[in-house]
Amino acid sequence: GTPRGGDGGARVRDIAGRIEGRLERLELAPEQLDRAAGLPAGGTAAILAGGPLPRGTPLRRLAEALGVDEHFLLGLEPGEAIPAGMLEEAQGSLGL
């Protein structure tokens, strides 16, 4: 298998690639996805540029807006556990 350490950047690129692929397939602009998923303006562009991924409800809304589930978005096999950190609500998203 692949070593556990240091593959976080590769995973983010993989996720960004999956988002990009879905945007092309759905013929959506990043700004349209922001609105459809309820992300802040520029949220999708930030993810595509390697920024942090949304967690919790925003992650679910992003997947729904792309017509996929969180497993696909995160590059997991169906039935594989979603990392707990990806399901937690981000404190910043609560306006605190």
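Residues numbered from 1 in each chain as written. Predicted model: local features only at pLDDT ≥ 70, side-chain atom pairs only at ≥ 80, totals over all residues. Heavy atoms only, no water.

### Brief notes about helix α4 (residues 57–65)
Consideration 1: Among all positions in α4, only Pro58, Leu59, Leu62 and Ala63 are buried. When α4 is viewed along its axis, its buried side chains cluster within an angular range of 140 degrees and face the same direction. (Buried < 20%, exposed > 50% of the residue type's maximum accessible area, 1.4 Å probe, protein only. Helix = DSSP H or I, 4+ residues; strand = E, 2+ residues; numbered from the N terminus. Arc of directions from axis to C-beta.)

### Re the side chain of Glu70
Consideration 1: Inspection of the secondary structure assignment puts Glu70 in helix α5 (residues 70–74).
Consideration 2: Of the side chains with opposite charge, Arg60 comes closest to the buried, unpaired Glu70, at an N-O distance of 4.4 Å.
Consideration 3: The contacts of Glu70, once residues within four sequence positions are left out, are Leu59, Arg60, Ala63 and Ile82. (Lys, Arg positive; Asp, Glu negative; His and termini not counted. Salt bridge = Lys/Arg side-chain N within 4 Å of Asp/Glu carboxyl O. Contact = heavy atoms within 4.5 Å.)

### Some remarks on the side chain of Arg18
Consideration 1: Mapped onto the elements of the fold, Arg18 is located in helix α1 (residues 8–26).
Consideration 2: Once residues within four sequence positions are removed from consideration, Arg18 is found in contact with Phe72, Leu73, Leu74 and Gly75.

### Re the confidence of the model for the chain
Consideration 1: A residue-level look at the chain finds 81% of positions with pLDDT of 70 or above and a mean pLDDT of 84.
Consideration 2: Mean pLDDT across the secondary structure elements of the chain bottoms out at helix α6 (residues 84–87), with 84, and peaks at helix α2 (residues 30–37), with 96.
Consideration 3: Low pLDDT, under 50, characterises residues 1–6; the predicted model gives this stretch zero contacts beyond four residues in sequence or across chains. (pLDDT = per-residue confidence, 0-100.)

### Observations regarding the environment of Gly85
Consideration 1: For Gly85, the position within the fold is in helix α6.
Consideration 2: Put simply, Gly85 and Gly56 are 29 residues apart on the chain and 8.4 Å apart in space, counted from C-alpha to C-alpha.

### A closer look at the nonpolar core
Soluble globular proteins tend to pack their nonpolar side chains together in the buried interior.
Consideration 1: In this structure, Ile19, Leu33, Leu62, Leu66, Leu73 and Leu74 are the most contacted members of the largest nonpolar core, which totals 18 residues.
Consideration 2: Those elements that place two or more of their residues in this core are α1, α2, α4 and α5.
Consideration 3: With residues up to four places along the chain from it excluded, the contact list for Leu74 reads Arg11, Ile15, Arg18, Leu53, Leu59, Ile82 and Met86. (Core = buried A, V, L, I, M, F, W, Y, C linked by side-chain atoms within 4.5 Å.)

### A short note on the environment of Thr57
Consideration 1: Residue position: Thr57 is located in helix α4.
Consideration 2: Thr57 sits in the partly exposed class, given a relative accessible area of 31%.
Consideration 3: Put simply, Thr57 and Glu88 are 31 residues apart on the chain and 8.3 Å apart in space, counted from C-alpha to C-alpha.

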